[in-house]
Amino acid sequence: DQLGGRLSEVQARWRDGLIRASAMLEAAVDFPDAELPTDVAARARPILEILADELETAAADVERGERVREGFRIALLGAPNAGKSTLLNALAKREAAIVSATPGTTRDIIEVPMVLGGYKVIVADTAGLRRTEDEIEAEGVRRAEAWADTAGLRVWLVDGYGDPQPEIPASLKRGDIILLTNRDLGEGLEGLPGEPFTAKSPNAVAWLERSLTETVVEALAGGEPPAATRLRHRELLSEAARRLRQALAEDQALELAAEDVRLAARALDRITGRIDPDEVLGRIFATFCIGK
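For the structure given in this document, a descriptive report is provided here.

1. Topic: the sheet that holds strand β5 (residues 177-181)
Strand pairing in a sheet takes place through backbone hydrogen bonds and is either antiparallel or parallel in direction. Reading across from one edge, β2-β3-β1-β4-β5-β6 is the order of the six strands in this open sheet, with mixed pairing throughout. The sheet is open, and its two borders are formed by β2 (110-116) and β6 (195-196), each paired with just one other strand.

Here's what the structure looks like:
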């Protein structure tokens, strides 16, 4: 859509709305003695309200845009030897991570790009979460927790068939998936929430892929493609929307309202292209009978 120009059309509409609103406010401020409609400044208000709403919505949607562009992040989390590396290899359908019975084998983050439901996805195998005196492993745990904080989905692997009975992670979030792993090693423990799972079962892996795909599509599909896809865009859209809200609150002080609209245009300039003052003046003279 971006390559085809459809999203730039949305931004062009914002640009045109700012020019129209600026023309009305600037005309009221700069040409008070001209034969203008008495409500010329008031005509800018509905345009600014619509623009402010759309810019705020677009700014809130940037995170979805970033995930579409950069990849939806899925973190595999759990204690050492819970089966994270085995699961990563099963999802990647290749030996992406070293699998070993030695606890703490994975110390850094191993990222594997995939495509689920037509969307780019980054699945990460992380260091086993546990307290450790090993400086390198401790750094791996810190990185794992930091990566998980930015993930769109977290899959917790819990050894539900070991002894003693493991604890359910205390930092669970809504939407996290819990898999009770190592079911091929013995009888499972009772009373643990989560789905019994083994990466050695093609049916289990296929079920998990379907579950992950449903989550990714639900999170990224949305109604319309996001109009912006970068953090910088979100900051500029938020700044423009804030300026427009301020202009709406200053409808009795037209000079200040006009200045806020100019500042909103300046923020939007950096996304869409410069709004030239001559365009605003051109719109004024094309719309109103000034100097005739």
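2. Digging into the pattern of salt bridges
Throughout the structure, instances matching the rule amount to 15 salt bridges. A salt bridge links Arg 245 to Asp 53; the nearest nitrogen and oxygen atoms lie 2.5 Å apart. Placement of Arg 245 in helix α7 (residues 231-249) and of Asp 53 in helix α2 (residues 44-60) is noted, with a sequence separation of 192 residues between them. On the accessibility criterion, Arg 245 (31% relative accessible area) is partly exposed. In this structure, Glu 209 engages Lys 93 in a salt bridge whose closest nitrogen and oxygen atoms are separated by 2.8 Å. Of the two residues, Glu 209 sits in helix α6 (residues 202-220) while Lys 93 sits in the loop between α4 (84-92) and β2, which places them 116 residues apart along the sequence. Look at the salt bridges and you will find they share partners, linking Glu 239, Arg 242, Arg 243 and Asp 260 into a network.

3. Quick look at α7
In this model, α7 (19 residues) spans 27 Å end to end at C-alpha, consistent with the 27 Å of a helix rising 1.5 Å per residue. Turning to α7, its buried residues number three or more, namely His 233, Leu 236, Leu 237, Ala 240, Ala 241, Arg 243, Leu 244, Ala 247 and Leu 248. Summarising the axial view, the buried residues of α7 lie within an arc of 160 degrees, below the 170-degree limit, and thus occupy one face. Relative to its buried face, α7 has exposed residues pointing more than 90 degrees away, namely Glu 235 and Ala 249.

4. What about the pairing of strand β4 (residues 153-159)?
The buried count for β4 comes to six of seven residues, which makes it a mostly enclosed element. Relative to β5, β4 runs parallel, the two being bridged by five bridges. In the strand pairing of β5, Val 155 is matched with Ile 177.

5. Quick look at unusual backbone geometry
A positive phi angle, near 60 degrees, is found at Lys 93, a position not held by glycine. Note on Lys 93: relative accessible area 62%, which makes it exposed.

6. So, the nonpolar core
Residues Leu 25, Leu 48, Leu 55, Leu 237 and Leu 244 are the most contacted members of the largest nonpolar core, which totals 33 residues. Beyond its immediate stretch of four places on either side in the chain, Leu 55 contacts Trp 14, Leu 237, Ala 240, Ala 241, Leu 244 and Leu 268. Listed in part, the 27 residues of the second largest apolar core include Leu 76, Ala 92, Ala 199 and Ala 204.

7. Describing α4
The buried count for α4 comes to eight of nine residues, which makes it a mostly enclosed element. All of the buried residues in α4 are Lys 84, Ser 85, Leu 87, Leu 88, Asn 89, Ala 90, Leu 91 and Ala 92. Tucked inside the fold, the buried residues of α4 contact β1 (72-78), β2, β3 (119-125), β4, β5 and α6. Immediately downstream of α4, the backbone of Lys 93 shows phi near 60 degrees, a positive value.

8. Re the packing of α2 against α7
At a minimum axis separation of 8 Å, α2 and α7 run at an interaxial angle of 150 degrees. Between α2 and α7, the interaxial angle falls into the category roughly antiparallel. Viewed along their axes, α2 and α7 form a crossing whose handedness is left-handed. Every residue of α7 that contacts α2 at Arg 45, Leu 48, Glu 49, Leu 51, Ala 52, Asp 53, Leu 55, Glu 56, Ala 58 and Ala 59 is listed here: Arg 234, Leu 237, Ser 238, Ala 240, Ala 241, Leu 244, Arg 245, Ala 247 and Leu 248. When its residues are assigned to classes, the contact of α2 with α7 shows 12 nonpolar, one polar and six charged.

9. A word on the packing of α4 against α6
Put simply, α4 and α6 touch, their axes get as near as 10 Å, and they point 80 degrees apart. Here α4 lies roughly perpendicular to α6, going by the angle between them. On α6, the residues that touch Leu 87, Ala 90 and Leu 91 of α4 are Val 205, Leu 208, Glu 209 and Leu 212. For the contact of α4 with α6, the per-class residue count stands at six nonpolar, no polar and one charged.

10. Concerning the packing of aromatic side chains
If you walk through the whole model with that rule in mind, you get zero aromatic pairs. Note that Arg 73 overlies the ring of Trp 147, its terminal NZ or CZ placed 4.0 Å from the centroid.

Cut-offs applied
Residues numbered from 1 in each chain as written. Predicted model: local features only at pLDDT ≥ 70, side-chain atom pairs only at ≥ 80, totals over all residues. Heavy atoms only, no water. Pairing = 2+ DSSP bridges. Helix = DSSP H or I, 4+ residues; strand = E, 2+ residues; numbered from the N terminus. Salt bridge = Lys/Arg side-chain N within 4 Å of Asp/Glu carboxyl O. Buried < 20%, exposed > 50% of the residue type's maximum accessible area, 1.4 Å probe, protein only. Expected span 1.5 Å × (residues − 1). Arc of directions from axis to C-beta. Core = buried A, V, L, I, M, F, W, Y, C linked by side-chain atoms within 4.5 Å. Contact = heavy atoms within 4.5 Å. Axes fitted to C-alpha atoms, helices over the stretch in contact; angles between N-to-C directions. Parallel < 35°, antiparallel > 145°, perpendicular 65-115°, else oblique. Left-handed = near helix turned anticlockwise from the far one by under 90°. Nonpolar A, V, L, I, M, F, W, Y, C, P; charged D, E, K, R; others polar. Phe/Tyr/Trp six-rings, centres within 6.5 Å; stacked < 30°, edge-to-face > 60°. Lys NZ or Arg CZ within 6 Å of the ring centre and 35° of its normal.

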